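Observations on the three-dimensional arrangement
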Number of protein chains: 2
Amino acid sequence: MDEAPSGRKAGSAREPVHDRIYDRLKARLITGGFMPGRAVTLRGLAEELGVSLTPVRAALARLSAERALDTRASRRVSVPTMTPARFSELMTARQLLEPEAAARALPFITPEKLAEIRGYDIALEAAIERGDVESYMVNNHAFHFALYSAGSSSSVLLPLIEMLWMQFGPFMRVVYGRLGTTNLVDQHREALVALEARDEAALRAAISADIGDGMSLIGTGLLEETGAKRP
Amino acid sequence: MDEAPSGRKAGSAREPVHDRIYDRLKARLITGGFMPGRAVTLRGLAEELGVSLTPVRAALARLSAERALDTRASRRVSVPTMTPARFSELMTARQLLEPEAAARALPFITPEKLAEIRGYDIALEAAIERGDVESYMVNNHAFHFALYSAGSSSSVLLPLIEMLWMQFGPFMRVVYGRLGTTNLVDQHREALVALEARDEAALRAAISADIGDGMSLIGTGLLEETGAKRP
DNA sequence: TGGTCCAAATTGTGATTACAATCCGCGACA
DNA sequence: TGTCGCGGATTGTAATCACAATTTGGACCA
């Protein structure tokens, strides 16, 4: 695995390689770039990304700690599969944490931030019409996290919520892949209205409704036939 | 750093070294074995524990991912310090997640489990009387997690809650170290009663009250003078 | 035909080494 | 005397190597 003596030093010597690897894998997980159950090997990723085992190991260890990846008893890592119980817990945790994060961010929403958030919503609607699952997931994520991270607070809540999204990302991708985007409804309008009105209670309700809506889309029957397998 | 050719292979070849390191550090964090702000170095820990950098690095990466340790911009790792905002967020997250976890565990509480939990409470009261901060923290942790982990569920909630405990553990140790245990009140009685009665609402209320009580113990003035420093 | 067992390949773990960035303290200069 | 700058020491990062465990594939036997 010889290295041309050129490339390495390019842009920023600051950010460690394993952070870049981590960011790439995280984005792939949240937008559903990994199939549930798929095995992820150190050497496979290392070769694909052109680095040694060391930074890949660090990135996978981090994702595994965040429950985004599953380290089996054999020490091999794979993308977690979904079970009805796990899905229920994930959505319950979202219902508990995300309205709170939104409420805490509300005082810090500037008109610029609101415009940014609204932009994601527009792109999201376009993605639904286009039937573009990938774009839908990207913009849905952007919408929620632009909101939650608006406040200077949330050094605690935000990482917890991000963990949850990484966990259901791969599964939702499979679901949307089967259902298509036509069944999706944009539930973000009430949230935007509440943001404009600075109405905390309405904002909480809107976020909660959005989560509940996504949850009810997934019949337990659907759970059976998609990513749900034996852990 | 020579190694006697003997020791290595002994008991279980199963569990990787970095998991053992992780467990030890986690326990130390939850029971307050680390001072907030203290620097944690790879080589320091490696030498202290008699292993190479590799497993220590893996363990620290995991703890850092779980926000139990803080990786500064310089890539050096340290025990996080507390700020009023962070403490507030931590307790809010606890208030949201822990009553839910308790409620979900309630149907799975067997008489044996209840006896175990009651045992922790007894040990906890003894620790308060004795003024034994270490024992108090150990048994308080054991009490809550024996309860939350009773259900077969909580593969999602439990890790989130554990993350929160690791984050305030070092800080609480400092606080109790200053206040002593005499100010502590055992708030677990109502929880035990609710468990016996299988009263979900009462259980939620009891857990919530326990958390709120611990929170109110910490005046914001106290926050200033303990572990709170610049991040 | 079906099950078992062995060997090769795959994979994760841990130690070692080389290296770059940061930190710390001493000394020179204004 | 105070401040800036330089050089050694400390520390984290990434690559490489050796090794043990698991998995996998097929051959062999019942």
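Refer to the structure above for everything that follows.
Below, the structure is looked at part by part. This one's a predicted model, so the numbers in the text were calculated from it and none came from an experiment.

Notes on the protein's contact with DNA strand C
The immediate surroundings of DNA strand C are formed by 21 residues, with Leu42(A), Arg75(A), Pro16(B), Val17(B) and Ser52(B) found nearest. With four residues, helix H3 (residues 53–65) of chain B is the largest single contributor of residues to the surface near DNA strand C.

Here we look at the interface of chain A and chain B
Facing the 22 residues of chain A at the interface are 21 residues of chain B. Along the lines of polarity and charge, the residues of the side of chain A that touches chain B split into twelve nonpolar, four polar and six charged.

Brief notes about the relation of the copies chain A and chain B
By a simple turn and slide, chain A fits onto chain B: the slide is 0.0 Å along the axis, the RMSD is 0.0 Å, and the turn is 180 degrees. Both copies are brought into coincidence by an operation consistent with a two-fold rotation axis. Comparing interface residues between copies, 95% of those in chain A also lie at the interface in chain B; the contact surface is shared.

A closer look at the environment of Glu129(B)
Within the secondary structure, Glu129(B) is located in helix H5 (residues 111–130). Here the alpha-carbon distance between Glu129(B) and Arg173(B), two residues 44 residues apart in the chain, equals 17 Å.

As for the protein's contact with DNA strand D
What surrounds DNA strand D is a group of 20 residues, the closest being Pro16(A), Val17(A), Ser52(A), Leu42(B) and Arg75(B). Breaking the surface near DNA strand D down by element, the ones donating at least two residues are helix H1 (17–30) and helix H3 (53–65) of chain A together with helix H2 (42–49) of chain B. Looking at the surface near DNA strand D, the element that brings in the most residues is H3(A), giving four residues. Counted by class, the surface near DNA strand D contains eleven nonpolar, six polar and three charged residues.

Looking at the sheet that holds strand E2 (residues 70–71) of chain B
Taken together, three strands build an open sheet; the order of strands is E1-E3-E2 (chain B) and the sheet is antiparallel. Each having just a single partner strand, strand E1 (39–40) and E2 of chain B make up the two edges of the open sheet.

So, the environment of Thr181(A)
All names here are of chain A. In this structure, Thr181 sits in the loop between helix H7 (157–179) and helix H8 (189–197). Using a count of 18 C-beta atoms within 10 Å as the deciding quantity, one classes Thr181 as partly exposed. Taking the C-alpha atoms as reference, Thr181 lies 25 Å from Pro99; in sequence the two are 82 residues apart.

How each quantity is defined
Residues numbered from 1 in each chain as written. Chains lettered and ligands numbered in written order. Predicted model: local features only at pLDDT ≥ 70, side-chain atom pairs only at ≥ 80, totals over all residues. Near = placed C-beta within 6 Å. Helix = DSSP H or I, 4+ residues; strand = E, 2+ residues; numbered from the N terminus. Contact = placed C-beta atoms within 7 Å. Nonpolar A, V, L, I, M, F, W, Y, C, P; charged D, E, K, R; others polar. Least-squares fit on C-alpha atoms with pLDDT ≥ 70 in both. Pairing = 2+ DSSP bridges. Buried ≥ 20, exposed ≤ 12 C-beta atoms within 10 Å, placed from the backbone.

So far we have only geometry, and geometry alone does not tell us how the molecule works.
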